Every structure is written in C-alpha cells, then in structure tokens.
Amino acid sequence: MFADLHLHTNFSDGTYTPEELAGHAQRCGFRAVALTDHDTVDGCARMAASCESAGLEFIPAAELTTEMGGHEVHVLGYYLDIQNPRLGEQLRRFQEVRRGRVFEMVARLNELNIPLQTEAVFALANCRSPGRPHIARALVQGGWCSGLDEAFERFLKKGKPAWVPKFKIGAAEAIELVHHAGGLASLAHPGINHCDEIIPDLVAAGLDGLECFHTKHSTSTTQRYLEMADKHQLLVTGGSDCHGMSKGRPLIGSIKVPYECVERLRDRMQRRAVEGGFLLAGDP
Ligand code: AMP
Ligand code: ZN
Ligand code: FE
Ligand code: FE
C-alpha cells in the first residue's frame, strides 16, 4: 500500500485536471494521495470528489513559497482546513502577487522584442496561481521557443533576462499558518534546495515533517533525509511532484511512499487537534 503526497494540477502549474490526476493515481494503485498545488487549495474540492469516486484517500494540501536565511524553501501543508479564513487571505495575497509577476515578466520579454501578451498567458494558465511554467508554455505556443527547457534556459531561470523574483513569506510564518489551518508542515524536496543548514531552525519553528522521497532525490539523498528525519523526530513524507506529462510520461507512479507514512501523519494531526493545539474557538 502506497501513497503520493506531492502532486500538482491545472489549478497551479500542473497540466492534469483533478479528475485526470485521480484517474492516474487509481491506475497506479495508490491508496492515498495529496494535492499540493503552489500557493492554492483551489483544486482540493474537485480532487476530493474525484478521489472519493476512485476509492482513494485524499489529503487536502498546498505547497507554499517561503524563504529562510536567503534560501527559497517550499513548505508543504497537509490536512489543511481549506475553508480557514486566514489561510484563504494569505493564499489570495500569493495569487495577487503571482499575477503581478506575470505582467512584469511579460513586460521584460516585450523589451526583448518578444511580443507575448499577458492575456495569452492568463488564458493558458486559466487558474488563480499562475507561474513561470505558464509563461514557458505560452512562449512555446507562440513559436518563440522550441520547448519548455529552452524557455527556462533563455528567459525564465533565476538570473535570466525575464526572471522576476517571487514573493515569499517567511518559512516560520508559513509553518505557523499551516498549524493555524489545522495542518502539518513538511519541508519539500530539501535535496533540491540545498538548505540542510536551516533544518534545525525549521524544526525550532515547528516543522513536522521532511520530504525524504522525491523524484529528484537519489537513493543516497533519500537515505540521508530519512536519517535526518529520525534524528529530529520528523514525520517522513514524499511524492513524485508530478506536473503532468514530463518527457513522454507522467511522474506519478515513480515515487511510492509507504502508506505507513500517511498513517503517522494522520495520527499526529489527530493528536494535535485533540490536544487543542490548533484552532481554538473564536481564534481569528
Ligand atoms: P514559479 O512558481 O513561477 O517560480 O515556477 C516554478 C515552477 O517552474 C516549478 O515548480 C517547476 O514546476 C517549474 N520549473 C522550474 N524550473 C524549470 C525548468 N528548468 N524547466 C521546466 N520547468 C521548470
Ligand atoms: Zn510547479
Ligand atoms: Fe517545489
Ligand atoms: Fe511541487
């Protein structure tokens, strides 16, 4: 019995609809999945319904863009109350800034004599949490780039001419927000972010888990983070980070997290709720 706890849909920069993603998850034989779209929980309601029809356990979640000590850090929030007002307010702020960033990046492309229009990007993104992959797809669609890699390499990667820094909240603030919304916070793909030195600070800020299993983690990297999770008494999470088709096949199914990890996550969340650690009545 396995799970995939890191998945994206077209409610952020994935290409599958929640229904398509649930179908893939079912065919892969998963027992549980989490939807972790960037800075949004908009896809969770539809994903919950599709998972229910497919007989899959669903965990409402999100991947928040944060920073600590100059590192970009992605914080995964699991078992979020997607109706939580403060969470909703923060997500709306993220989405507003993401929209503004599209205008800025397109303006830079226009200065580079690429007449891409923001409308084309928004039409293609068709969601409230647009990002660089949508601009990359629009560049390919318009014939300015031959593929997504070229779009990132020439224009969109950090330091390239159309790159605009992303709005981030403090990682400790994100962990607190996840807790406030009844959830548990896990550090996404530490092996990509090279942020090991801040893990103790994240733990001090209340981090609950570490994403040990990830498509971009080698076996030895996974092992290193499993040991680190053990050392800091962190829950183990993991997932494929599937965004749809990638080089001819979807990533979903490439990472199989033992279902036991979900049980531990659920136990911790329920214990916290009982202890009254979250959401006291009347809490703003
Ligand atoms: P953004 O949230 O706008 O900064 O975009 C980040 C997203 O872009 C990541 O989550 C990936 O899905 C995608 N991405 C980042 N680098 C690349 C790349 N070199 N090629 C294709 N997609 C990328
Ligand atoms: Zn993404
Ligand atoms: Fe990420
Ligand atoms: Fe992701």
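None of the values given here were measured: they were computed from a predicted structure.

Colleague: Is there a simple way to explain the coordination of the iron ion (ligand 4) in this structure?
Modeller: A metal bound by six donors in octahedral fashion has ideal angles of 90 or 180 degrees, whereas one bound by four tetrahedral donors has an ideal angle of 109.5 degrees. Within the protein, the atoms that donate to the iron ion (ligand 4) are His6 (NE2), His8 (NE2), Glu63 (OE) and Asp241 (OD), at distances of 2.1 to 2.3 Å. Every donor counted, the four donor atoms about the iron ion (ligand 4) form angles of 77 to 162° at the centre, which fits irregular coordination. Expressed as a motif, the donor residue spacing for the iron ion (ligand 4) is H-x1-H-x54-E-x177-D.

Colleague: Can you help me understand the coordination of the iron ion (ligand 3) in this one?
Modeller: Distances from the iron ion (ligand 3) to its protein donors, Glu63 (OE), His74 (ND1) and His189 (NE2), fall at 2.0 to 2.2 Å. Sequence positions of the donors to the iron ion (ligand 3) reduce to the motif E-x10-H-x114-H. Taken as an interatomic distance, the gap from the iron ion (ligand 3) to the iron ion (ligand 4) is 3.6 Å; Glu63 donates to each of them. Residue His74 is found in strand β4 (residues 71-78), and its partner His189 is found in the loop between β6 (184-187) and α8 (190-193); the two are separated by 115 residues along the sequence. In terms of burial, His74 and His189 fall into one category: buried.

Colleague: Help me out: how do you make sense of unusual backbone geometry in this one?
Modeller: Excluding glycine, a negative phi dihedral is what most residues carry, and trans is how most peptide bonds are arranged. The backbone of Asp39 shows a phi angle near 55°, a positive value even though the residue is not glycine. In this structure, Asp39 sits in the loop between β2 (32-35) and α2 (44-54). Even without being a glycine, Tyr79 presents a positive backbone phi close to 60°. Tracing the chain through its elements places Tyr79 in the loop between β4 and α3 (85-111).

So, how was this worked out
- Residues numbered from 1 in each chain as written.
- Chains lettered and ligands numbered in written order.
- Predicted model: local features only at pLDDT ≥ 70, side-chain atom pairs only at ≥ 80, totals over all residues.
- Heavy atoms only, no water.
- Donors = N, O, S within 2.8 Å, 3.2 Å for Na, K, Ca; no water.
- Tetrahedral: all angles 85-135°; square planar, octahedral: opposite > 155°, others 65-115°.
- Helix = DSSP H or I, 4+ residues; strand = E, 2+ residues; numbered from the N terminus.
- Buried < 20%, exposed > 50% of the residue type's maximum accessible area, 1.4 Å probe, protein only.

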